[in-house]
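One letter stands for each residue in the lines below.
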Amino acid sequence: MAQREARVPNVDLAPDIRDNLGTRRIPPLRPSLFPDAGVSVQTLTSSRRPEGLVDVLLVNPPTEDGGIWIRSQHRVGRRSRENMIWPQVELAQMAALLAPDYKVEIIDANAERMGWPEFKKLLEEKRPKYYLTQVTAPTLQNDMYGVFLAKSLGARTMAFGTHVTPMTLETMRPFPALDFVLRGEPEITLRELLDRLEDKTPSDPRVRKMLAETSHLQTRRMGKEVISDRFPVPAEESPFASILGLAWRRGDEIVINPDRPFIPDLNDLPIPLHELLPLDKQRMPMIKGPFTFIVTSRGCPAGCKYCIKHVTYQNTVRVRSAENIVEELEYLKRLGIHNIHMYADLFTVNRDHVVELCNLIIERGLKIRWTCNSRVDYVDEEMLRLMGQAGCWMISWGIESANEMILKRARKGYKKEQAFLALRWAKAAGIKNWGYFIIGLPGETEESIRETIDYAKELPLDIALFHIAAPYPGTPFFYEVVENNWFRPGTKWEEVDMDQSTVLDYENLTAEQLEYWQRRATWEWSMRPGPIFTFLKGLNSWAGFKSAMSVGWQMLQFARG
Ligand code: SF4
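Residues numbered from 1 in each chain as written. Predicted model: local features only at pLDDT ≥ 70, side-chain atom pairs only at ≥ 80, totals over all residues. Heavy atoms only, no water.

### Quick notes on the sheet that holds strand β12 (residues 291–295)
Under the convention used in this document: For two strands to count as paired, DSSP must find a minimum of two bridges between them. Strands are runs of DSSP state E lasting at least two residues, helices are runs of H or I lasting at least four, and both sets are numbered from the N terminus onward. Axes here mean lines fitted to C-alpha atoms, for a helix over just the part in contact, with angles spanning 0 to 180 degrees between N-to-C directions. Here, residues are in contact when the closest pair of their heavy atoms is within 4.5 Å.
Here six strands make up an open sheet; going across it, the order is β12-β15-β16-β17-β18-β19 and the pairing parallel. Looking at strand neighbours, the two that pair on one side only are β12 and β19 (463–468), the edges of this open sheet. Put simply, the sheet's adjacent strands are angled 20° from each other on average, direction ignored. In the sheet, β12 pairs with strand β15 (residues 339–343) via five bridges, with the strands oriented parallel. The residue bridging F291 from the neighbouring strand is N339, located in β15. Against the sheet, helix α13 (residues 381–389) contacts β16 (369–374) and β17 (392–400), and its axis sits at roughly 135° relative to β17. Here helix α18 (residues 511–526) sits on the sheet and contacts β18 (432–439) and β19; the angle it forms with β19, its principal contact strand, is near 175°.

Here's what the structure looks like:
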């Protein structure tokens, strides 16, 4: 005490404070050591999952602005100006591959017109163990918000689709909540990953067969060289190392495993669990009542440079048997669905197949109304007549441009007279024509756009949709745009959307000019007696009225800019 008193400055302090001063010494600086509660929180979130909750949640997430978007395994993503609610048939397909071994649910927030607050609440109720999301380039950040929410609830997160496949690192790096990417054809990779995590074996022998057929490394011929795939990481290091088609995280590193071979026989796929989809919410212009998709084939032998088939199915073509498709049609009929879209890269890819399918539909007396897509050089009069007899009432045609030089350069390669013939044959068979056009393919000028608008007006079309060329990553068009420096400076991948804006700046045509011409084409084509009459015909029921008014209003808003 005597010593302490000696250090205290000579000030007038109360005795208790004077005593305390001696204990307030400044400790020496220690090494920093901050608590890490993350690991225990992770255990907490997963251990608190009550029994009986959903194992796997397959999700088409909400959109940022509440708009309607098209997300798909098979095609590119885009905003739906035509108000089409795209059936999430690939989610139903994956559900069929997992059931009954896993408890699976599908949320199609887009069809349900569900916003993020409602979706978040639902996610908290469902508490999925595994969360698999649809993703598109233009909705990437938005879609990754769902991944973040699921991850915060303890789920393992996965994404698939035509953006994350060619842009795996670009997606996984900035979005650390995403655990896995299922690259390419996702179904069997998903099944193998879940089985590895849950230590299960598929109960369905067809699934076991597909697993066996797609789990071997591939050999490719590149010119004179033969290249064999190799695993980037030794299998003993991780349970994920040997799953083909999977991208995963090893600590801070992102590992991309070799590609998974395509499923050899699509007839092995179980029929999608359509009943898990909101069938009454799915809609397409001019269709009254519930409708859905049937995937009849995968792949297309043509080589259009802008087409996402270069990413999805490349140069392969696989066709389901007519019997197998009819089995699904009969199943859908039992679910009360009579409106079908035959969903394929190119439905008429094989004439014999189309003829066999149509004959079987007629033979079995299936009273269905269906639509499909085609190319003007992949049909003939007799086949179209048979398609009409079997219930086909509309075909969407990729017409793209009136300018044959542009078509040739884009490797679309058909002759204009073929378009006139094919569309007239279709009309004569009682089939409506829906034409898709692309503005801004390489070589485009204001004169060639003018040519395309005039051509669209001359063709016997019931609907026409004008898109702007979009260089989706992984397509030959994308590499052409990169090489020629046609990307507008500062472009983000998320802006690649063929329906709303362009990322292209050509020397002779700026992004603004392309957008102007897209709107002008829509306006000029729609504001004519024929299309207005088609539109008015859509008003003959309350559902038709609502759908036609909404589409008409959106088209008008869009065309006016
Ligand atoms: S025909 Fe259609 S599916 Fe085939 S490559 Fe061309 S755009 Fe793609």
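Having put the structure on the table, let's press on.
### Remarks on unusual backbone geometry
What counts, and what does not: Partly exposed residues are those whose accessible area sits between 20% and 50% of the maximum for their type, while under 20% is buried and over 50% is exposed, using a 1.4 Å probe and protein chains only.
The omega angle of the peptide bond from A99 to P100 is 0°, so this bond is cis rather than trans. With respect to the secondary-structure elements, P100 resides in the loop between α4 (89–98) and β4 (104–108). The phi torsion at D199 lies on the positive side, around 55°, for a residue other than glycine. Its place among the elements puts D199 in the loop between α8 (187–198) and α9 (205–213). By relative accessible area, which is 72% here, D199 ends up exposed. In this model, N485 sits at a positive phi of 60°, which is unusual for a non-glycine residue. Its location among the elements puts N485 in the loop between α17 (476–483) and α18. Among the residues examined, N485 registers a relative accessible area of 65% and is labelled exposed.

### Quick look at the sheet that holds strand β5 (residues 130–134)
Read from one edge to the other, the open sheet built from seven strands follows the order β4-β1-β5-β6-β7-β10-β11, with strand pairing classed as mixed. Each edge of the open sheet carries a strand with a single partner, namely β4 and β11 (253–256). Neighbour-to-neighbour, the strand axes of this sheet turn through a mean angle of 20°, independent of strand direction. In the packing of α4 onto the sheet, contacts are made with β1 (56–60), β4, β5 and β6 (156–160), and the angle to β1 comes to roughly 170°.

### A closer look at the pairing of strand β10 (residues 246–250)
Across two bridges, the pairing between strand β7 (residues 180–182) and β10 is antiparallel. For V181, the partnering residue across the bridge sits in β10 and is A247. Strand direction decides the pairing type here: β10 and β11, joined by four bridges, are antiparallel. Within β11, the position partnered with R249 by the bridge is I254. Connecting β10 to the next strand, β11, in antiparallel fashion are two residues, including G251 with a positive phi near 65°.

### Side note on the packing of helix α5 (residues 116–126) against helix α6 (residues 140–152)
Just so we agree on the cut-off: Roughly parallel covers angles under 35 degrees, roughly antiparallel covers those over 145, roughly perpendicular covers 65 to 115, and oblique covers all other angles. Handedness of a helix crossing follows the sense of rotation of the near helix relative to the far helix, less than a right angle counterclockwise being left-handed and clockwise being right-handed. Here the term charged refers only to Asp, Glu, Lys and Arg, the term nonpolar to Ala, Val, Leu, Ile, Met, Phe, Trp, Tyr, Cys and Pro, and the term polar to all other amino acids, Gly among them.
In contact at an axis separation of 10 Å, α5 and α6 are set at 30° when each is read in the N-to-C sense. In terms of orientation, α5 and α6 fall into the roughly parallel class. Of the two possible hands of crossing, α5 and α6 adopt the one that is right-handed. Across the interface between the two elements, W116, K120 and L123 from α5 touch N142, Y145, G146, L149 and A150 from α6. Classifying every residue of the contact of α5 with α6 gives five nonpolar, two polar and one charged.

### Brief notes about the site of the ligand
Stated formally: Think of it this way: one heavy atom of a residue within 4 Å of a molecule or strand is enough to make that residue near it.
Taken together, C300, A302, C304, C307, K309, D345, R375 and K412 make up the full set of residues near the ligand. Split into classes, the residues belonging to the shell around the ligand amount to four nonpolar, no polar and four charged.

### So, the pairing of β17
So the rule is basically this: With the strands pointing away from the viewer, any crossover whose connection runs clockwise from the first strand over the helix to the second is right-handed.
For β17, the tally of buried residues reaches nine of nine residues, placing the bulk of the element in the interior. One crossover worth recording links β16 to the parallel β17 by way of α13, and it is right-handed. Looking at chain direction, β17 and β18 are connected through six bridges and run parallel. The residue bridging G398 from the neighbouring strand is Y436, located in β18.

### Comments concerning the side chain of R375
Short version of the rule: Think of a polar contact as two N or O atoms within 3.5 Å of one another; within protein, one of them needs to be a possible hydrogen donor and the other a possible acceptor, and neighboring residues in sequence only count if both atoms come from side chains.
One can find R375 in the loop between β16 and α13. A polar contact is formed between the side chain of R375 and the backbone oxygen of K412, at a distance of 2.7 Å. Look past the residues within four positions of R375 in its chain and what remains in contact with it is A302, C304, L346, T348, W397, K412, G413 and Y414.

### Details of α6
Put simply, the test is: How far a helix is expected to stretch is found by multiplying one less than its residue total by 1.5 Å.
With 13 residues, α6 extends 18 Å between its outermost C-alpha atoms, agreeing within 8% with the 18 Å of an ideal straight helix rising 1.5 Å per residue. Along α6, the residues classified as buried are L140, N142, D143, M144, G146, V147, L149 and A150. Elements in contact with the buried residues of α6: α5, β5, β6 and α7 (168–172). Once α6 finishes, G154 follows within two positions and takes phi at roughly 95°, a positive value.

### A short note on the packing of aromatic side chains
We count it as follows: Whether two aromatic rings pair depends on their centres lying within 6.5 Å, for rings of Phe, Tyr and Trp, where Trp uses its six-membered ring; planes under 30 degrees apart make the pair stacked, over 60 edge-to-face, and the rest tilted. Throughout this description, the term charge over a ring refers to an Arg CZ or Lys NZ atom that lies within 6 Å of the ring centre and within 35 degrees of the ring normal.
For the coordinates displayed, the defined rule picks out 18 aromatic pairs. Here the aromatic rings of Y145 and F148 are separated by 6.3 Å at their centres, their planes lie at 25°, and the arrangement is stacked. In this pair, Y145 and F148 are both assigned in helix α6, three residues apart and thus about one turn of the helix distant. Cation over ring: K200 sits above Y102, and NZ or CZ is 4.3 Å from the ring centre. Over the aromatic face of Y455 sits the side chain of K416, whose NZ or CZ is 5.2 Å from the ring centroid.

### Comments concerning the state of the cysteines
Two cysteines whose sulfur atoms are joined by a covalent bond form what is called a disulfide. Threshold: In plain terms, two cysteine sulfur atoms within 2.5 Å form what is called a disulfide here.
Under the criterion given, the structure shown has zero disulfides. The cysteine C392 is free of any disulfide, with C372 supplying the nearest cysteine sulfur at 4.3 Å.

### Examining the pattern of salt bridges
Our working rule: Throughout this description, the term salt bridge denotes a Lys or Arg side-chain nitrogen within 4 Å of a carboxyl oxygen of Asp or Glu.
A complete count under the given rule lists 38 salt bridges for this structure. K129 is the partner of E198 in a salt bridge, and the nearest nitrogen-oxygen pair spans 2.9 Å. Of this pair, E198 sits in helix α8 while K129 sits in the loop between α5 and β5, and the two are 69 residues apart along the sequence. In this structure, E213 and K209 form a salt bridge, with 3.3 Å as the shortest nitrogen-oxygen distance. Residue E213 and its partner K209 are both found in helix α9; the two are separated by four residues, about one turn of the helix. By relative accessible area, which is 25% here, E213 ends up partly exposed. One network of salt bridges, in which partners are shared, links R450, D454, K457, R520 and E524.

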